[in-house]
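Coordinate analysis (summary)
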Amino acid sequence: MIFDKFRRHFDSNRMAMYLFAGYSALATAAIFYLSASLATVKTTVRIIPFGADKSMVIAQRSANGNYYKFWGMDFALALGNLTPYNAKFVEKQILPYVKASQYQEVKSAIESEAASELSDNVVTTFTPHSLVWQPQSGTVFVTGQMNEVSPNGRYTGGYMKTYQMQMRIVNGLPVISGIQLYPGKPHTLSWMKLHTQGSQ
């Protein structure tokens, strides 16, 4: 009789363990499924930065033109107002957003520009006046006035230049795959078409 009670008690415990194991397996599977679902949710955020009159729409792998323009302006201002004294700061601001394959090239260009300004005893200032986002090529163009100023504040020269940056969005942030700086107007697709036809 005692053995029968023990067996019934053991059987009930074993059943409880089976049920617990089953519930645990189901709960674990549910958690994994929920985690996977959350990881694949496409969230879109709309923000209006202070001082801006247009909203920016950002998703995990895409954004609207205003977002690209915002970052293009930020990068151009940092690069265009580079000095030998803020070069390290500019590197910290720019390089985290540069594609790995372009990282060393951009870093070397920043260091070279800083060294050139130091040897020429001038610094550059950049004042943008035009922003263009070209979605067909994923390119931002920032055009403005580039001036050279001596350490005592004397103006030594100025010209119009354009920063051309290829960008894409990864996890809601821009990744720069190329930066070009050249004199004159932005080399948009329409500009290239016009000048290609003119050369024929």
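Quick notes on the rules
- Residues numbered from 1 in each chain as written.
- Predicted model: local features only at pLDDT ≥ 70, side-chain atom pairs only at ≥ 80, totals over all residues.
- Heavy atoms only, no water.
- Helix = DSSP H or I, 4+ residues; strand = E, 2+ residues; numbered from the N terminus.
- Contact = heavy atoms within 4.5 Å.
- Buried < 20%, exposed > 50% of the residue type's maximum accessible area, 1.4 Å probe, protein only.
- Expected span 1.5 Å × (residues − 1).
- Salt bridge = Lys/Arg side-chain N within 4 Å of Asp/Glu carboxyl O.
- Core = buried A, V, L, I, M, F, W, Y, C linked by side-chain atoms within 4.5 Å.
- Pairing = 2+ DSSP bridges.
- Axes fitted to C-alpha atoms, helices over the stretch in contact; angles between N-to-C directions.
- Phe/Tyr/Trp six-rings, centres within 6.5 Å; stacked < 30°, edge-to-face > 60°.

Time to look at the environment of His-187. Within the secondary structure, His-187 is located in the loop between strand E6 (173–183) and helix H5 (189–199). As a C-alpha pair, His-187 and Gln-164 span 23 residues in sequence and 8.1 Å in three-dimensional space. Among all residues touching His-187, those that are not within four sequence positions of it are Phe-141, Gln-164, Tyr-182 and Met-192.

Bringing the environment of Val-149 into the picture now. Relative to the assigned elements, Val-149 resides in strand E4 (residues 139–149). Residue classification places Val-149 among the buried positions, given a relative accessible area of 17%. Sequence spacing of Val-149 and Val-123 is 26 residues, and the spatial spacing of their C-alpha atoms is 5.4 Å. Once residues within four sequence positions are removed from consideration, Val-149 is found in contact with Val-122, Val-123, Thr-125, Arg-154 and Thr-156.

Once that is clear, we can look at helix H2 (residues 65–80). Across its 16 residues, H2 extends 22 Å between first and last C-alpha, which sits within 8% of the 22 Å expected from 1.5 Å per residue. What H2 keeps buried is the set Gly-65, Tyr-67, Tyr-68, Trp-71, Gly-72, Phe-75, Ala-76, Ala-78, Leu-79 and Gly-80.

A few words on the pattern of salt bridges. The tally for this structure, following the rule as stated, stands at one salt bridge. Residue Lys-107 is joined to Glu-111 by a salt bridge in which the shortest nitrogen-to-oxygen separation is 2.6 Å. Here Lys-107 and its partner Glu-111 are both found in helix H4 (residues 103–120), four residues apart, which amounts to about one turn of the helix. For Glu-111, a relative accessible area of 33% corresponds to the partly exposed category.

To continue, consider the nonpolar core. Counting residues in hydrophobic clusters, the biggest one holds 28 residues, and the most contacted among them are Phe-75, Val-90, Ile-94, Val-142, Tyr-163, Met-165 and Met-167. Contributions of two or more residues to this core are made by strand E2 (56–58), H2, helix H3 (87–94), H4, strand E3 (123–134), E4 and strand E5 (155–170). At seven residues, the largest contribution of residues to this core is made by H2. Here Met-165 is in contact with Gly-72, Phe-75, Ala-76, Gly-138, Thr-139, Val-140, Val-142, Gly-178 and Ile-179, once residues within four sequence places are set aside.

Take the sheet that holds E5 next. The strand order across the open sheet formed by four strands is E3-E4-E5-E6, and the pairing between neighbours is antiparallel. Unpaired on one side and paired on the other, E3 and E6 mark the two borders of the sheet. Put simply, the sheet's adjacent strands are angled 25° from each other on average, direction ignored. Pairing between E3 and E4: eleven bridges, direction antiparallel. Residue pairing across strands places Val-123 opposite Val-149, the latter belonging to E4. Most of the contacts of H2 go to E5, to which it runs at about 140°, and overall it touches E3, E4, E5 and E6.

So, on to the packing of aromatic side chains. All told, the structure shown has seven aromatic pairs when counted by the stated rule. Counting every residue linked through ring pairs, the aromatic cluster contains Tyr-67, Phe-70, Trp-71, Phe-75 and Tyr-97.

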